Amino acid sequence: MNALAARLGARAPKTAIILGSSLGALAEAVADPLIIPYAELPGFPLPKISGHAGKLFVGHLGGQEVAVLAGRAHPYESGNAAVMRPAIESLKDAGVETLILTNAAGSLKPTMRHGAIMLIADHINYSGMNPLVGQHGDENFVPMTDAYDPALRKRFHAAAEAEGITLHEGVYCWYSGPSFETPAEIRMFQMIGGSAVGMSTAPETILARRFGLKVAGLSVITNLAAGIEGASPSHEETKREGQKAASNMKALITRFLRDG
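Residues numbered from 1 in each chain as written. Predicted model: local features only at pLDDT ≥ 70, side-chain atom pairs only at ≥ 80, totals over all residues. Heavy atoms only, no water.

Overview of the overall build of the chain
And then number 1: Summing up its helical and strand segments, the chain has 8 helices and 9 strands in all.
And then number 2: A compact globule built from 260 residues should have a C-alpha radius of gyration of about 18 Å, and the chain, at 17 Å, falls within 12% of that.
And then number 3: Here the C-alpha coordinates of the chain stretch approximately 50 × 45 × 35 Å along the principal axes.
And then number 4: Counting the 260 residues in the chain, one finds 55% classified as buried.
And then number 5: Once local pairs closer than 6 in sequence are excluded, the contacts in the chain between residues at least 24 apart make up 81%.
And then number 6: Accessible surface, the chain: about 10700 Å² in total, of which carbon and sulfur atoms supply 51%.
And then number 7: Separation of charge centres in the chain, based on 23 positive and 24 negative side chains, amounts to 2 Å. (Helix = DSSP H or I, 4+ residues; strand = E, 2+ residues; numbered from the N terminus. Rg over C-alpha atoms; globule rule 2.2 N^0.38 Å. Buried < 20%, exposed > 50% of the residue type's maximum accessible area, 1.4 Å probe, protein only. Contact = heavy atoms within 4.5 Å. Areas by Shrake-Rupley, 256 points an atom, 1.4 Å probe, with all protein chains shown as cover. Lys, Arg positive; Asp, Glu negative; His and termini not counted. Charge placed at Lys NZ, Arg CZ, Asp CG, Glu CD.)

See below:
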């Protein structure tokens, strides 16, 4: 039994949620939580940037038992694209079957503005990294068609309609960071079909699919990407706008779980 499963005891969440920058309000909504600092779970990476608490909340949300990871470590913090592998593998070993990934992202579309929520339909990996590099075995040749599960996406659209929340859908571009993208890079992302850009999520999706988890992804739009209407993104803007949109994200995910 892994360390996480041992700490959970009789708790048996089938769904896990990884929270992006400043989306901690969802963790605070978990009822009767068992709270475990990442530092107490072997292999769980400690986030080193603000807006990521580094704690695991296990309890009830929307009538279901869930595991909510308040914060993630990013590949740009260490140069390791597989930095979240121990956490995701531990969730799988503890019985989790579905992983919901959330993030703060910059919009590539002027019509999708601050506070919007985008359901991820697919992603483009522009980072030059892959979390499975260096691993051996045929199981690492992971098919990525429908990596963002179509049935889960359908449920999220239904949940958004029930809550009266406008839910966009599009393609997420993974940029390594931590520097923001240049206006020229943003124009390139627009040309190749991107809808939003951020510095996480895609490697976690690859890892989750490697371990057989179903994946859904949601981006909170915190800014227009560099150069669009003169935008010049900052981390402070990301945190500020992420906090503003947290209530809609909480309502959407809670309804998704309740109606599931």
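Here we look at the environment of R72
And then number 1: With respect to the helices, strands and loops of the structure, R72 is situated in the loop between β4 (64-70) and α3 (75-78).
And then number 2: R72 sits in the buried class, given a relative accessible area of 1%.
And then number 3: Considering only alpha carbons, one finds R72 and A6, 66 residues apart in sequence, at a separation of 22 Å.
And then number 4: Separated by 2.9 Å, the side chain of R72 and the backbone oxygen of T102 make a polar contact.
And then number 5: In terms of polar contacts, R72 uses its side chain to reach the side chain of E204, at 2.7 Å. (Polar contact = N/O pair within 3.5 Å; in protein donor to acceptor, adjacent residues only side chain to side chain.)

Brief notes about the environment of G24
And then number 1: Tracing the backbone shows G24 in the loop between β1 (15-18) and α2 (25-28).
And then number 2: Looking at G24, the relative accessible area reads 29%, which means it is partly exposed.
And then number 3: Considered as a pair, G24 and V68 are 44 residues apart in the sequence and their alpha carbons are 9.4 Å apart.

Quick word on the pattern of salt bridges
And then number 1: Throughout the structure, instances matching the rule amount to 8 salt bridges.
And then number 2: Note that R72 and E204 form a salt bridge whose closest N and O atoms lie 2.7 Å from each other. Of this pair, R72 sits in the loop between β4 and α3 while E204 is found in helix α7 (residues 202-210), placing the two residues 132 residues apart along the sequence. Each member of the pair R72 and E204 is classed as buried. (Salt bridge = Lys/Arg side-chain N within 4 Å of Asp/Glu carboxyl O.)

Observations concerning the environment of A225
And then number 1: Within the secondary structure layout, A225 lies in the loop between β9 (214-224) and α8 (235-259).
And then number 2: Counting along the chain gives 69 residues from A225 to F156, while the straight-line C-alpha distance between them is 25 Å.

Things to note about the nonpolar core
And then number 1: Within the largest apolar cluster, 44 residues are counted, with the highest numbers of intra-cluster contacts made by L4, L56, L69, M84, I88, L91 and L99.
And then number 2: If we skip the residues at most four places from it in the chain, L4 touches L41, F44, L56, S90, L91 and A94.
And then number 3: In this structure, L19, V30, L152 and L257 belong to the second largest nonpolar core, which totals 30 residues. (Core = buried A, V, L, I, M, F, W, Y, C linked by side-chain atoms within 4.5 Å.)

Some words on the pairing of β4
And then number 1: In terms of burial, β4 is largely enclosed, as 6 of its 7 residues are buried.
And then number 2: Here β1 runs beside β4; their pairing, made up of 4 bridges, is parallel. From the neighbouring strand, I17 faces β4, where its bridge partner is V68.
And then number 3: Pairing analysis gives 7 bridges linking strand β3 (residues 55-61) to β4, with the strands arranged antiparallel. Bridging from a neighbouring strand, G59 pairs with V66 of β4.
And then number 4: The turn linking β3 back onto β4 is made up of 2 residues, and G62 within it adopts a positive phi angle of 60°. (Pairing = 2+ DSSP bridges.)

Looking at α7
And then number 1: With respect to burial, α7 is a largely interior element, 8 of its 9 residues being buried.
And then number 2: Along α7, the positions that sit buried rather than exposed are A202, P203, E204, T205, I206, L207, A208 and R210.

The quantities given are spatial measurements derived from coordinates; they are silent on function.
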